[in-house]
Amino acid sequence: MTFIFRHLHVIYLLREDNICLIIFVFKYSIKFQNAYKSKSIYIFMKVILINPSMKHIMKTCSNYIPMNAVNHFVPINLLYLGTVIKQKTTYEVKIIDADIDGKTYDEVAEEVKAENADIVGISAITFTFYDCLETIRAIKRLSPKVKICVGGPLVKYFSKETIEHPEIDYVLLGEAEYSFVKLVEAIEKRSDTKEIKGLLYKENEKVISTGAPETITNLDDLPFPSLELIDYKKYYFSMGNSQPLATILGSRGCPYQCRFCQSANTGYRMRSIKSMLDEIKQYVDHGITNFNISDDTFNVSANKVIEFSKGILDRGYKITWNFRGRIENVTEEMFSIAKKSGLILMSFGIEDATDEALEIIKRKQTLDQVFKGVDLAKKCKVPISANFILGLPTQKTREDVGRIITLAKKLQPDYCQFSVFVPHYGTGFYEEGVAKGILDPYFWRGYIKNPVKDIYILNWGEHFSRQQLDGFMKEAHRSFYFDPKYLVRALGRVESPTDFFVKAKVALNVFTLFVLGKRVAEKN
């Protein structure tokens with residue numbers, strides 16, 4: 001083996017205790033040669049991005065199935081962050097997915113310390129903030145000088161409550177791919193952070209906010225996620241074919257205004273179909289052929305899906321894929337060509353069982369559209385998953401909930417996802433509930449200030465108790481999934497031994513919870 005040494009440089013390893021270690025090294029890596037074209041000094045920084053565990057996630061009811069007992073999706077937000085860091089800087093970056101790897105808080109902290117990290121970015125959602133904060137506290141105990149930055153959906157509404165935790169150094173709002181890089185660079189250079197939009201930090205015990213975050217208007221500007229940062233073989237979707245799964249981002253935001261959803265009317269932006277197809281090629285070239293389109297609503301129009309499907313066929317990609325969308329926006333042409341291109345599942349929300357209820361929740365669809373869309377899916381042999389919410393304010397009697405179960409069995413989708421209504425902070429129903437005195441206006445903020453493990457989410461208690469909702473969940477799952485006709489259809493959908501194993505595991509969880517009445521254990 002022959003090495004050609006071209007340059008001799010000085011590297012400054014900058015640590016938080018202000019001690020600079022001078023190390024002389026020969027540079028022969030092409031990557032570093034390119035990085036050095038305009039530099040003679042390289043300041044080494046180690047960044048770790050963390051997807052925390054879901055061990056003590058908030059509960060909606062006693063018979064709650066944790067998401068990590070069913071599916072594991074790629075933490076796409078962290079993957080984009082890590083990729084931009086790699087592209088824009090010479091810093092070293094690593095992703096720790098504590099959820100899929102089953103790592104404890106202390107194990108994550110020990111890894112951060114072993115990696116000698118300078119900065120940790122951690123993704124936070126409201127439901128898992130207890131786990132998020134416990135992970136941060138464990139890190140700070142072992143590595144008190146490491147800087148902690150929190151981002152994710154939680155901080156959109158609770159940025160002040162989040163930054164007030166003493167263990168948290170920074171909070172970044174919104175889409176942080178580029179602002180996080182600016183923050184890391186500012187920490188490296190010990191420069192002012194006031195010009196970084198969407199940042200909160202503490203100065204002399206006072207919270208400083210730099211204002212609203214910037215929005216990425218052209219999603220095609222984002223680099224394709226780096227394949228080196230995670231092990232795709234770990235991720236799967238049990239309602240698909242259970243094969244290793246990559247996640248593709250086709251849009252951000254949602255143009256709809258559903259009153260129960262925090263994504264309502266959030267500045268919808270689409271990525272070009274060409275960019276999506278080019279990214280898929282990157283995965284296909286590395287042997288990854290199963291894809292989850294992560295959009296809230298991929299089929300804002302049938303033509304978008306048709307163009308995407310035609311692109312897959314024209315390029316000769318042999319892949320499978322699934323998406324979440326709107327059942328009223330489908331056409332026979334869309335389903336037909338999508339099926340040919342490898343579509344194996346469409347997920348969509350119905351939520352309630354009457355046109356009056358759908359109008360109240362601003363679903364902007366009718367039951368007639370639902371039936372027609374489901375019929376088209378079956379005609380084209382496209383598997384479907386329908387979502388229903390139990391306990392919406394539109395449901396006032398047991399009969400109202402019963403109509404949902406009846407509708408689900410009448411439609412006969414391949415899968416049904418029943419969930420208990422959550423009055424998310426900032427949604428239309430949340431504001432109504434607070435105004436009527438039905439909901440505690442301090443619940444969500446109180447939880448973020450002092451998160452408690454395994455806590456139950458506040459319940460819209462106007463019509464049903466939590467115990468009644470527990471009963472509805474059991475009734476819905478038993479009635480739909482343990483119908484002998486459904487079981488026969490389900491066996492016919494198994495595609496491989498691996499698929500059978502994954503689906504059997506999920507079925508066992510459902511049986512344990514809704515028939516035996518025992519809790520399903522969260523993955524550590």
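Everything quoted here is computed from the prediction, not taken from an experiment.

Some words on the packing of helix H2 (residues 76–88) against helix H7 (residues 177–189)
The description of two packed helices rests on the angle between their axes and on the distance between the axes.
Then, number 1: Across the interface, H2 lies against H7 with an axial gap of 9 Å and an inter-helix angle of 55°. It follows that H2 is oblique to H7 by the angle criterion. Handedness of the H2/H7 crossing: right-handed. Residues Tyr 80, Leu 81, Val 84, Ile 85 and Lys 88 of H2 form the contact with H7, whose participating residues are Glu 177, Tyr 178, Phe 180, Val 181 and Glu 185.

Quick notes on the confidence of the model for the chain
Then, number 1: Across the chain, the average pLDDT comes to 87, with 84% of residues at 70 or higher.
Then, number 2: Note that pLDDT drops below 50 for residues 1–42; the model gives that stretch 68 contacts with residues more than four away or on any other chain.
Then, number 3: This stretch, residues 520–524, has a pLDDT under 50; its non-local contacts, to residues over four places away or in other chains, come to 21 contacts.

Considerations on the pairing of strand S10 (residues 199–203)
Along any regular strand, the residues point their side chains to alternate faces of the sheet.
Then, number 1: Looking at chain direction, strand S9 (residues 170–172) and S10 are connected through 3 bridges and run antiparallel. Bridged to Val 171 within S10 is Leu 200.
Then, number 2: Pairing of S10 with strand S11 (residues 206–209), which is carried by 4 bridges, proceeds in the antiparallel orientation. Counted as the bridge partner of Lys 202 is Val 207 from S11.

Remarks on the side chain of Thr 210
Then, number 1: Relative to the helices and strands, Thr 210 resides in the loop between S11 and strand S12 (236–237).
Then, number 2: Among the polar contacts listed, one links the side chain of Thr 210 to the backbone nitrogen of Gly 198, at a separation of 3.2 Å.
Then, number 3: Within the structure, Thr 210 has its side chain in polar contact with the backbone nitrogen of Leu 199 (distance 2.9 Å).
Then, number 4: Apart from residues lying up to four places away in sequence, Thr 210 is in contact with Thr 193, Lys 194, Ile 196, Lys 197, Gly 198, Leu 199 and Tyr 201.

Conventions we followed
- Residues numbered from 1 in each chain as written.
- Predicted model: local features only at pLDDT ≥ 70, side-chain atom pairs only at ≥ 80, totals over all residues.
- Heavy atoms only, no water.
- Axes fitted to C-alpha atoms, helices over the stretch in contact; angles between N-to-C directions.
- Helix = DSSP H or I, 4+ residues; strand = E, 2+ residues; numbered from the N terminus.
- Parallel < 35°, antiparallel > 145°, perpendicular 65-115°, else oblique.
- Left-handed = near helix turned anticlockwise from the far one by under 90°.
- Contact = heavy atoms within 4.5 Å.
- pLDDT = per-residue confidence, 0-100.
- Pairing = 2+ DSSP bridges.
- Polar contact = N/O pair within 3.5 Å; in protein donor to acceptor, adjacent residues only side chain to side chain.

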